[in-house]
Amino acid sequence: VLALTAVSAAYALAQDIQAQSPHHGSMSDQRHQTSAFVKGVRESTARFRDVAVAEGEGYALMFGCVSGPDSGAMGLHYVKLPLVVDGVLDPARPEIVIYEPLPSGGVRLIGADYLIFADAWHAKHPDSTPQLGGQLMHLIEAPNRYGLPTFYTLHVWAWKDNPTGMFVNWHPKVTCDNFSATD
């Protein structure tokens, strides 16, 4: 009985470690987790295809249109500040929804961005990197172009396919050419 209890405990511990590891399971399991995560992001942000809905829920444009020197752009970041400062990551409540400016003057929803300040994360999880949907978040150290303290971020290009990856920071097919500072 003692041996059986020890084997059961070891198995439970191994399952728990495996469940917490970003590198566990087969490629099929990882693809399923990624697919489910992206589907959840799409479902939780679908109503924001109309930017007026996002604004009505407290999201506001910050940072203008974020572009890179040679890496495409990120687009327009509509930020909900209470979610940024709450120190919580919730896949159903992105801190930021991302839009691309259109030639018509309108905008198109292209993704979501999850953000947590490093200090807030490490106060609760001192020795880990945050992750969502099995994806490790990117660390952006201060000082940075946004004037923010060091933070972790994860872009999810749920509404516009990114040929360089679903979770990379820059999107080569997004442009800020149609944005004017008066928008």
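It should be emphasised that the depicted structure is a prediction, and the values quoted were computed from it without experimental measurement.

Basis of the calculations
Per chain, the residues get numbers from 1 upward, laid out in the order the sequence is written. Totals for whole chains, interfaces and linings use all residues, but because this is a predicted model, local features are given only for residues with pLDDT of at least 70 and pairs of side-chain atoms are given and counted only at 80 or more. Working from all heavy atoms in the structure, the side-chain values ignore hydrogens and water. Secondary structure elements follow DSSP: runs of H or I of four or more residues count as helices, runs of E of two or more count as strands, with numbering from the N terminus. Think of it in three bands: residues with accessible area under 20% of the maximum for their type are buried, residues over 50% are exposed, and the middle band is partly exposed, with areas taken using a 1.4 Å probe on protein chains only. We define a polar contact as two N or O atoms separated by no more than 3.5 Å, with the added condition that, inside protein, one atom must be a possible hydrogen donor and the other a possible acceptor, whereas residues neighbouring each other in sequence contribute only through side-chain atom pairs. A contact between two residues is defined here by any heavy atoms of the two lying within 4.5 Å. The predictor rates its confidence in each residue with pLDDT, a number between 0 and 100. Pairing of aromatic rings covers Phe, Tyr and Trp, the last counted by its six-membered ring, and requires centre-to-centre distances within 6.5 Å; plane angles under 30 degrees mean stacked, over 60 mean edge-to-face, and any other angle means tilted.

A. The arrangement of the side chain of H155 in detail. In this structure, H155 sits in strand 8 (residues 151-156). Of the residues examined, H155 reaches a relative accessible area of 2% and is grouped as buried. Here the side chain of H155 touches D113 through a polar contact of 3.3 Å, side chain to side chain. Side chain to side chain, H155 and N169 meet in a polar contact 3.1 Å long. Contact partners of H155, with chain neighbours within four places excluded, come to M74, H77, I98, A112, D113, M166, F167, V168 and N169.

B. Region of the structure containing the confidence of the model for the chain. Here the chain averages 87 in pLDDT, while 85% of its residues score no lower than 70. Long-range and interchain partners of residues 1-22, a stretch whose pLDDT sits below 50, account for six contacts in this model, where long-range means more than four residues apart.

C. Just the packing of aromatic side chains, in detail. For the structure shown, the criterion picks out six aromatic pairs. The interplanar angle of 40° and the centroid separation of 6.2 Å between the aromatic rings of F37 and Y114 together place this pair among those described as tilted. Placement of F37 in helix 2 (residues 27-45) and of Y114 in strand 4 (residues 107-117) is noted, with a sequence separation of 77 residues between them. Between Y78 and Y99 the ring centres are 5.0 Å apart and the planes differ by 75°, which places this aromatic pair in the edge-to-face class. Of the two residues, Y78 is situated in strand 2 (residues 73-79) and Y99 in strand 3 (residues 96-101); the sequence distance between them amounts to 21 residues.

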